[in-house]
Amino acid sequence: MKLPALTVLALTTGTATAFAPAPLLRSSTTLNAVAKKDSYDITLLPGDGIGPEIMTATKVVLAALTSRCEFKLEMTEALIGGAAIDAVNDPFPNESLEQCRSSDSVLLSCIGGYKWDTNPRELRPESGLLKMRKEMGLFANLRPAKVLDQLIDASTLKKEIVQGVDIMCVRELTGDVYFGTPKGIDIVDGQRVGYNNMIYSEMEIERIARVAGDVASKRGGKLCSIDKANVLDVSQLWRDVVTEVITKDFPDVELSHMYVDNAAMQLIRYPKQFDVMVTGNIFGDILSDEASMLVGSLGMLPSASIGESGPGVFEPCHGSAPDIAGQDIANPLALILSSAMMLRYDLDRADEADILERAVEAVLDQGLRTADIKQENDDCKLVGCIEMGEAVAKIVSTIDSAVEV
């Protein structure tokens, strides 16, 4: 996906479905997705834990979609995370990187697990994920947190607090303390000392601020930048640059700033005050997970990671859940919705994305629930991963694409 300097993804309110964002903005000279065609090359990264089973369920849904809409997805699996460590002793081998780069898009399930937690840092699954983001230039992560009426009781917060919540968290992905150098663990005065470098360049801040500004301009027009400028010099630069970019390029966007500790509290106290949030890598890692749980389950939330050129990577917000892997109780809906984002943003297939999103809403309206979103005495039917995927696929094959669910 190629993004001109001021042309980025936008997610609006009031779209055709609860999940559907506005179409990508397009310039007269640059497509932000590959041109619409009859066949696409897709790299699948099943990963670890529940990853392979939710990928299998999603492939069933995509097969129903491609059959109905008469186009092809040529899918090739590649290794990442713990599966790659076990197979080739590398959390993201070069073969996988090249496969991803040569694809039209990448669909990732999830990575990680207890099995690899004690490995050296370079042989942990998360190192493969960081390498993928860095090598593919995936600098912006968009994670929506929208509370659906069908699942409002799944939230652990009171209904009056979460009803109507619709937040987009824009997180910078390739800078900050996760990538800053120097870093390491050394011996100083006879004891171990660990250190990392929280660092951002002006350019890195500018480009993520433009993404966030454009997103906010297409939603409610409000942008809250999260930092810790009262104690961190890097956050002061962040605040200064974000202010400059939004003031100059997005004068109609209402910009505010909030310290990260207060933001964490406000997300629980009064989440409806937020429209779009933009923040750095480590703060965004934490806050986007917190915002996601307002919905009640990470198992419902997709995400998109994008760069200035090349394919995007689309993945659910949840982790690999190794404790339930292989039990057919995982929720595949977030990966199915991530594939809808892939269709919309990378493959120029907005109508097909609409079908998937409507099918997910329809399956919830039918009262089907996986364990993570099933509530006691809710009169809904408990289903497993396979059955949920098959139910969505059936609806995809039969739903009237012209009718909003």
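Residues numbered from 1 in each chain as written. Predicted model: local features only at pLDDT ≥ 70, side-chain atom pairs only at ≥ 80, totals over all residues. Heavy atoms only, no water.

1. Observations concerning the packing of helix 6 (residues 202-217) against helix 7 (residues 233-249)
Packed helices, taken two at a time, are described by the angle between their axes plus the distance between the axes.
Here is step 1: Remark: helix 6 packs on helix 7, axes separated minimally by 9 Å, with the N-to-C direction vectors making an angle of 45°. Judged on the interaxial angle alone, helix 7 and helix 6 are oblique. Here the hand of the crossing between helix 6 and helix 7 comes out right-handed. Of the residues in helix 7, those touching helix 6 at E202, I205, E206, I208, A209, R210 and G213 are L237, W238, V241, V242, E244, V245, I246 and D249.
Here is step 2: Looking at the contact of helix 6 with helix 7 residue by residue, the class counts come to nine nonpolar, one polar and five charged. (Axes fitted to C-alpha atoms, helices over the stretch in contact; angles between N-to-C directions. Helix = DSSP H or I, 4+ residues; strand = E, 2+ residues; numbered from the N terminus. Parallel < 35°, antiparallel > 145°, perpendicular 65-115°, else oblique. Left-handed = near helix turned anticlockwise from the far one by under 90°. Contact = heavy atoms within 4.5 Å. Nonpolar A, V, L, I, M, F, W, Y, C, P; charged D, E, K, R; others polar.)

2. Focus on the packing of helix 1 (residues 51-69) against helix 12 (residues 385-398)
Here is step 1: Running from N to C, helix 1 and helix 12 cross one another at 10°; their axes reach a closest spacing of 9 Å. In terms of orientation, helix 1 lies roughly parallel with respect to helix 12. Residues E53, I54, A57, V60, V61, A64, L65 and R68 of helix 1 pack against C385, G389, V392, A393, V396, S397 and T398 of helix 12.

3. Here we look at the sheet that holds strand 4 (residues 140-146)
Here is step 1: A sheet is described by the order of its strands in space; here 10 strands give the open sequence 2-1-3-12-11-4-5-10-8-9, paired in mixed fashion. Each having just a single partner strand, strand 2 (72-77) and strand 9 (254-259) make up the two edges of the open sheet. For this sheet the average axis-to-axis angle between neighbouring strands, irrespective of direction, equals 25°.
Here is step 2: Strands strand 5 (166-172), strand 8 (222-227), strand 9 and strand 10 (276-279) of the sheet are contacted by helix 8 (residues 260-269), whose axis makes an angle of about 105° with strand 9. (Pairing = 2+ DSSP bridges.)

4. Focus on the environment of K159
Here is step 1: Its location among the elements puts K159 in helix 5 (residues 159-162).
Here is step 2: Each C-alpha atom of the pair K159 and V245 lies 37 Å from the other, and the pair is 86 residues apart in sequence.

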